[in-house]
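Listed below are the residues making up each chain.
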Amino acid sequence: QTEGVDTQFSFCLGADSFLSLMEGKWNESPRVLELLRGQFIVVNRIYANDNENRGDNYEQQQQQQHNERQALRERVEAVPGAKLLPPNPTLGAVSSSQVRSWLQRGVVEDELRGRPDRISPSVL
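Every value quoted in this text rests on a predicted model; they were computed, and no experiment measured them. (Residues numbered from 1 in each chain as written. Predicted model: local features only at pLDDT ≥ 70, side-chain atom pairs only at ≥ 80, totals over all residues. Heavy atoms only, no water.)

Before going further, it helps to spend a moment on the packing of helix α1 (residues 15–22) against helix α3 (residues 58–77). Two quantities define a packed helix pair, namely the angle between the helix axes and the distance between the axes. Two numbers describe how α1 lies on α3: the axes approach to 11 Å, and their chain directions differ by 55°. As summarised for this structure, α1 and α3 are arranged oblique, according to the angle between their axes. The hand of the α1/α3 crossing is left-handed. Here A15, F18, L19 and M22 of α1 come into contact with α3, specifically with L72, R75 and V76. Considered class by class, the residues forming the contact of α1 with α3 number six nonpolar, no polar and one charged. (Axes fitted to C-alpha atoms, helices over the stretch in contact; angles between N-to-C directions. Helix = DSSP H or I, 4+ residues; strand = E, 2+ residues; numbered from the N terminus. Parallel < 35°, antiparallel > 145°, perpendicular 65-115°, else oblique. Left-handed = near helix turned anticlockwise from the far one by under 90°. Contact = heavy atoms within 4.5 Å. Nonpolar A, V, L, I, M, F, W, Y, C, P; charged D, E, K, R; others polar.)

Our next topic: the sheet that holds strand β2 (residues 40–43). Read from one edge of the open sheet, three strands run β1-β2-β3, paired in parallel fashion. Two strands in the sheet have a free side with no partner beyond their single neighbour: β1 (11–14) and β3 (83–84). Across four bridges, β1 lies against β2 in parallel orientation. Its bridge partner being in β2, F11 is matched across the sheet by F40. Against the sheet, α1 engages β1 and β2, with an angle of about 105° to β1. (Pairing = 2+ DSSP bridges.)

By the secondary structure assignment, G38 is in the loop between α2 (29–36) and β2. Distance in space between the C-alpha atoms of G38 and P80 is 5.6 Å, their sequence separation being 42 residues. Not counting chain neighbours up to four residues away, the residues in contact with G38 comprise L33, V79, P80, G81 and A82.

Attention shifts here to the side chain of S29. Tracing the chain through its elements places S29 in helix α2. Not counting the four nearest positions on each side in its chain, S29 is found in contact with L21 and G24.

A word on the pairing of β2. As judged from the two bridges shared by β2 and β3, these two strands associate in the parallel manner. Within β3, the residue paired with V42 across the bridge is L84.

Structure representation (structure tokens):
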């Protein structure tokens, strides 16, 4: 840090990455947390409520998403200085965590076939 310069930096990351860091899953998680001193901006996506998700358990899915958002909000609020951005529908419906899961199960092509909007979301 340069003397006389009053610049604050924040670390912007997705909800899954934030939770992994807080759970100590990153290399040197305690050191990263110490260096960042709570200066997090956490980005959360909104999952589409399209017709393919309106089956018998639609309400259950909605409740689960609500509970997950609430748990994330509480986790972020527990870190002094951290901020949770409002859910952002422009991020698209696919996270890197989902893609890693699909790769492990060998179903990534099935999940993305015919869905170019899921591959390259529009982000301003």
